[in-house]
Each structure stands twice: as structure tokens, then as C-alpha cells.
Amino acid sequence: MSSPLVFAVTAVIIIAVAVFYLFFYRDWRRQRELRRPFPEPWRKILETRVPLYTLLPTSLKLQLEQHVRLFVAEKNFYGCDGFAINDEVRITIAGHACLLTLARRWSDFDEVKSILVYPDVYRVEETEDDGIVVSVSHEVRAGEASDFGRVVLSWTECEAASRPGSLHNVILHEFAHQLDYLDGAADGAPPLSGTQARQWQQTMTDAYQHLRHSLSHHQHSWLDPYGATEPAEFFAVLTEAFFQQPRHLADEQPAVYAALCGFYRINLLELDTADATL
């Protein structure tokens, strides 16, 4: 075989491999992963640690299991401060996180690369420089998300979130921020378009201002006051309420509940066994 022909054949093979890797490899790898049976021990963890899982119809249970399998296969888990990562940790976190994509695209979490898990709440050092004074403060956190594809969680808070009747859920909260980042900014307005975007803007702005007004006048609010700090936190707090207290949210703020149903593409109150204690 002549040298030009060898070069041409080699170039074609390289291009074909590159095209396959860039455009088809991820889907091929995912389909291969999904052909494997879902491990029964993982299913037991979902039943124990993700209360909503047991209330889902069979089709949505299977969908959640598929998303969990891909999540565990593609995301890197790291234990911090000596914390040991095991299947209970992976499946608990994946199970709650994947509720957010249950009726959406799995690809919504493509940019999430790593999950760091601390045994308990942890301290972080914050530095602020106003051009004149540099100040350093320490904060205690239960979780955080970044637009670099990283989520940090406290395992004790994850355990608390997985108990039936829990009102707060740090996993849902931080992964809601990841959905918010999809359009490039954590501003409380995840990617939407057209009429849905306009309705979201009006509904959420009204609800956010109402919460801030109530708190400024020292009025009680059933919704976590942390949601009043900024629109991004409002969206994350509402996401917690949507999955943890759907009936209460629907009764208190039906327009907000409807907007979240549209975004997450699921109405939890239409499940036959939906309960306000979720």
C-alpha cells in the first residue's frame, strides 16, 4: 500500500473515531449502562432514603432508577474530612438529585462533574475586598453549588432530608442551583422561553416580593426565610417546598406551584398517593 493511501486511510480512521467520540460515544456509553439491571441493594436504598420514590407509579420509578444509574456512573464522589463514600451515600444523593430531572432531560446535569461530601456542616473562609479594606469571615454551611460543576453537601443534612416528613432538603436545594446555572447565571430564572418565561417572571417576582415584604414587617411565613435573600435562593427554596410539601405549596401559592409544575414537568398532586408530608 502506497504511503499516500496509508495516510489517507489513517486520516479517515482518525476522523471517524473523533466523530464517534464527540457525537455518539456518550449516548453509546449511556445505553450500555442502562442495559444493565438495576441493583436490588440500590433499590432498597431508594425505598429507605427517598420517600417520594415509593409513591411513584412504576413508569416513573423505572425512570428515576435509570437517571440514578447514569448519575452514579458519570459523577465523581469525594469524601471530605475523612468521610467515606459508599453506595448509601451515592444512591441517597443521586436519588434526590434525580427527582429534579425525573420528567426532564437527563442532560440537564451534564455539567455536574463532582460531589464533595462532608460528614457534617463545615466551615468556609470568605474574603471580601472593597478596594479599601479586606475582611475575612467564616461561615458554617450545609451545602453549596458552583457554576464549575461542583456540589458540596453535608451528609448529616442529607440524612435529615431523607427522613419522611422533612421540610428541608439540602440535596434538592443545591441541585436546583445547578439547573439555575444552565442559562449561565444563578438568578432564580432557569432556562425558559416565550409565554412560559414571561409567566415565570411575573409569578416569581410577585411571590418573591411578597415574601420579602412579609418578613420586613415581621410577619410569619411558612416558607423558609432564606428564600428572601436573593432570587436564586428563592428558586432553590421553592424547589424544596415543591418536592417536600407539594400540597401545602399548592394551597398557599397555587400560581407558584403551577409554574414549578410547568418547569419540572410533573404534578406531584396527580399521583394517586401524593401526600402533603412528602
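Up top is the structure.
One numbering rule holds for all chains: residues counted from 1, following each sequence as written. Residues qualify for local features only when their pLDDT is at least 70, as the model is predicted, and side-chain atom pairs are given and counted only at 80 or more; totals for whole chains, interfaces and linings, by contrast, use all residues. The basis for every side-chain value is the complete set of heavy atoms in the structure, and neither hydrogens nor water enter the calculation.

1. So, the layout of surface pockets
Logical step 1: If you add up the space inside the largest pocket, you get close to 570 Å³.
Logical step 2: Residues are said to line a cavity or pocket when one of their atoms sits within 4 Å of a point; the points come from a 1 Å grid over protein atoms alone, cavities being sets where a 1.4 Å probe fits but cannot get out and pockets being open sets with protein on both sides within 12 Å along at least five of seven lines. Forming the walls of the largest pocket are 24 residues, and the residues nearest its centre are Gly143, His173, Glu174, Tyr226 and Glu233.
Logical step 3: A class-by-class count of the residues in the lining of the largest pocket yields 10 nonpolar, 6 polar and 8 charged. Grid points are joined across faces, edges and corners, and a volume is the space filled by probe spheres set on the points. Residue polarity follows a fixed list, in which Ala, Val, Leu, Ile, Met, Phe, Trp, Tyr, Cys and Pro are nonpolar, Asp, Glu, Lys and Arg are charged, and the others, Gly among them, are polar.

2. Regarding the pairing of strand β6 (residues 150-154)
Each regular strand shows side chains that alternate between the opposite faces of the sheet.
Logical step 1: Relative accessible area decides the class of each residue, using a 1.4 Å probe on protein chains only: under 20% of the type maximum gives buried, over 50% gives exposed, and in between gives partly exposed. Here a strand is any run of E in DSSP of at least two residues, a helix any run of H or I of at least four, and the numbering for each starts at the N terminus. In terms of residue burial, β6 counts as a mostly covered element, since 4 of its 5 residues are buried.
Logical step 2: The pairing of strand β2 (residues 114-118) with β6 spans 5 bridges and is parallel. Each residue of the ladder has a partner; that of serine 114, found in β6, is arginine 150.
Logical step 3: Direction of pairing for strand β5 (residues 143-146) relative to β6: antiparallel, over a ladder of 4 bridges. Within the sheet, the bridge partner assigned to serine 146 lies in β6 and is arginine 150.
Logical step 4: Linking β5 back to β6 in an antiparallel pair, the connection comprises 3 residues, with glycine 149 at a positive phi of about 80°. Here, a strand pair is defined by DSSP locating no fewer than two bridges between the strands.

3. A word on the sheet that holds β5
Logical step 1: In spatial order, the strands read β1-β2-β6-β5; together these 4 strands make up an open sheet with mixed pairing. A single partner strand is all that each edge strand has here, and the edge strands are β1 (76-79) and β5. Each strand of the sheet is rotated relative to its neighbour by a mean of 15°, with strand direction disregarded.
Logical step 2: Note: β1 against β2, 4 bridges, orientation parallel. Looking across to β2, one finds that glycine 79 is bridged to valine 117.
Logical step 3: For this analysis, residues touch if any pair of their heavy atoms sits within 4.5 Å. Fitted lines through C-alpha atoms give the axes, limited to the stretch in contact for helices. The angle between two N-to-C directions lies from 0 to 180 degrees. Along the sheet face, helix α4 (residues 87-97) touches β1, β2 and β6 and points at about 120° away from the line of β2.

4. So, the nonpolar core
Logical step 1: The term nonpolar core refers to a set of buried residues drawn from Ala, Val, Leu, Ile, Met, Phe, Trp, Tyr and Cys, joined through side-chain atoms within 4.5 Å. Ranked by size, the top nonpolar core spans 68 residues in total, and within it Phe71, Ile93, Ile115, Phe175, Phe242, Leu260 and Tyr264 carry the most contacts.
Logical step 2: In terms of residue count, helix α8 (residues 231-244) provides more of this core than any other element does, 8 residues in total.
Logical step 3: Those residues in contact with tyrosine 264 that lie beyond four places of it in its chain are Leu100, Ala103, Arg104, Ala176, Leu179, Phe235, Thr239, Phe242 and Phe243.
Logical step 4: Membership of the second largest hydrophobic core comes to 6 residues, among which are Leu116, Tyr118, Val124 and Val152.

5. Some remarks on the packing of helix α7 (residues 194-216) against α8
Logical step 1: Running from amino to carboxyl end, α7 crosses α8 at an angle of 95°, the nearest separation of the two axes being 11 Å. Accordingly, the angle class assigned to the pair α7 and α8 is roughly perpendicular. Residues Trp200, Met204, Ala207, Tyr208 and Leu211 of α7 pack against Pro231, Phe234, Phe235 and Leu238 of α8.
Logical step 2: Of the residues belonging to the contact of α7 with α8, the class tally is 9 nonpolar, no polar and no charged. Orientation is classified from the angle alone, with under 35 degrees giving roughly parallel, over 145 giving roughly antiparallel, 65 to 115 giving roughly perpendicular, and any other angle giving oblique.

6. A short note on the environment of leucine 99
Logical step 1: Within the secondary structure layout, leucine 99 lies in the loop between α4 and β2.
Logical step 2: Once the C-alpha coordinates of leucine 99 and glutamine 63 are considered, the two residues, 36 residues apart in sequence, prove to be 9.7 Å apart.
Logical step 3: Ignoring any residue separated from it by four or fewer positions in sequence, one finds leucine 99 in contact with Val50, Leu52, Leu64, Leu172 and Phe243.

7. Brief notes about helix α2 (residues 40-49)
Logical step 1: Within the sequence span of α2, burial applies to Trp42, Arg43, Ile45, Leu46 and Arg49. One side of α2 carries all its buried residues, which in axial view fall inside an arc of 155°. Away from its buried face by more than 90 degrees, α2 exposes Pro41 and Thr48.
Logical step 2: Buried residues belonging to α2 abut α3 (58-74), α4 and α5 (155-161). Think of the arc as the fan of directions from the helix axis to the C-beta atoms.

8. Here's the deal with unusual backbone geometry
Logical step 1: One non-glycine residue, aspartate 81, adopts positive backbone phi at about 55°.
Logical step 2: Among the structural elements, aspartate 81 can be located in the loop between β1 and α4.
Logical step 3: Residue classification places aspartate 81 among the exposed positions, given a relative accessible area of 66%.
Logical step 4: A positive phi angle is found at histidine 218, which is not glycine, with a value near 60°.
Logical step 5: Mapped onto the elements of the fold, histidine 218 is located in the loop between α7 and α8.
Logical step 6: The class of histidine 218 is exposed, set by a relative accessible area of 76%.

9. Examining the pattern of salt bridges
Logical step 1: The rule for a salt bridge is simple: a side-chain nitrogen of Lys or Arg has to be within 4 Å of a carboxyl oxygen of Asp or Glu. One pass over the full model with this rule turns up 9 salt bridges.
Logical step 2: Between glutamate 40 and arginine 43 there is a salt bridge, with the nearest N and O atoms lying 2.7 Å from each other. Placement of the pair is glutamate 40 and arginine 43 together in helix α2, with a separation of 3 residues, close to one helical turn.
Logical step 3: Note that glutamate 159 is salt-bridged to arginine 49, the shortest N-O span being 3.5 Å. Of the two residues, glutamate 159 sits in helix α5 while arginine 49 sits in helix α2, which places them 110 residues apart along the sequence.
Logical step 4: On the basis of relative accessibility, which here comes to 24%, the residue glutamate 159 falls in the partly exposed class.
Logical step 5: Here the residues in one salt-bridge network are Glu40, Arg43 and Glu65, joined through shared partners.

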